[in-house]
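Here's the letter readout for the chains.
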Amino acid sequence: MLDREGFRPNVGIILLNQRNEVFWGKRIRTHSWQFPQGGIKHGETPEQAMFRELHEEVGLTPEHVRIIARTRDWLRYEVPEHFIRRDARGHYRGQKQIWFLLQMMGRDCDMNLRATDHPEFDAWRWNDYWVPLEAVIEFKRGVYEMALTELARFLPRVNHHNRFLRAGMRPPHRDARHGGGNTDFAVPPDGEPPRS
């Protein structure tokens, strides 16, 4: 399913652990690392496609994650012609993606790279959020940088103040992004980035 410009609708997934590290999967039988991603099937919403791809590629289900935010608009990348199947050349240009930022609510042992008969990854690891993009195939680096940059403002604040509360003390400071409230996340109430 391509749009008029030759871009296939797709989703990308930035999965965070409790330390705001990102899931990084090694593409099967290659030395290339990437985030989970995949096409949106006819009739699927981006969110439905994201949950399907999350299960197919990483083995996680909706109860293992929480949606924090998503990109406002499609982010596009073009695929070099030598990576395009001959029968698609002249029609297919690349991917247009909606990116989701997810918080892992499950455990590492919930991951299963063999959840389907066609695994995408043969290894995985947690990396810093601003992972070095040299490990990503060159033509995807720009869209990775755009997604990471747009979604960075929604990163959960790593919660270190519980030890103060247990001891009956107040946390040393409160992040101004939260307006003095008691939330640990800089996220709009509906989980969507504000529209400009």
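Here, every reference points to the structure presented above.
(A) Fine view of the side chain of glutamate 53. By the element assignment, glutamate 53 lies in helix α1 (residues 46-58). Taking relative accessible area as the criterion, glutamate 53 reaches 6% and is therefore assigned buried. Ignoring sequence-local partners within four residues, the contact set of glutamate 53 consists of Val11, Ile13, Gln37, Gly38, Gly39 and Val58.

(B) Representation of the nonpolar core. Ranked by internal contacts, the top residues of the largest apolar core, which has 27 residues, are Ile14, Phe35, Trp99, Leu101, Tyr129, Tyr144 and Leu151. Contributions of two or more residues to this core are made by β1 (7-16), β2 (22-27), β5 (65-70), β6 (75-78), β7 (94-104) and α2 (141-151). Looking at this core, the element that brings in the most residues is α2, giving five residues. For leucine 101, the contacting residues outside a window of four places in its chain are Ile14, Leu16, Arg66, Ile67, Ile68, Ala69, Tyr129, Leu151, Phe154 and Leu155. Grouped together as the second largest cluster of nonpolar side chains are 19 residues, Val11, Met50, Ile98 and Leu102 included.

(C) Quick look at the pattern of salt bridges. Inspection of the entire model under this criterion finds 10 salt bridges. Residue arginine 19 is joined to glutamate 21 by a salt bridge in which the shortest nitrogen-to-oxygen separation is 2.8 Å. On the accessibility criterion, glutamate 21 (18% relative accessible area) is buried. Note that glutamate 56 is salt-bridged to arginine 52, the shortest N-O span being 3.4 Å. Of this pair, glutamate 56 and arginine 52 both sit in helix α1, separated by four residues, roughly a single helical turn.

Rules used in this analysis
- Residues numbered from 1 in each chain as written.
- Predicted model: local features only at pLDDT ≥ 70, side-chain atom pairs only at ≥ 80, totals over all residues.
- Heavy atoms only, no water.
- Helix = DSSP H or I, 4+ residues; strand = E, 2+ residues; numbered from the N terminus.
- Buried < 20%, exposed > 50% of the residue type's maximum accessible area, 1.4 Å probe, protein only.
- Contact = heavy atoms within 4.5 Å.
- Core = buried A, V, L, I, M, F, W, Y, C linked by side-chain atoms within 4.5 Å.
- Salt bridge = Lys/Arg side-chain N within 4 Å of Asp/Glu carboxyl O.

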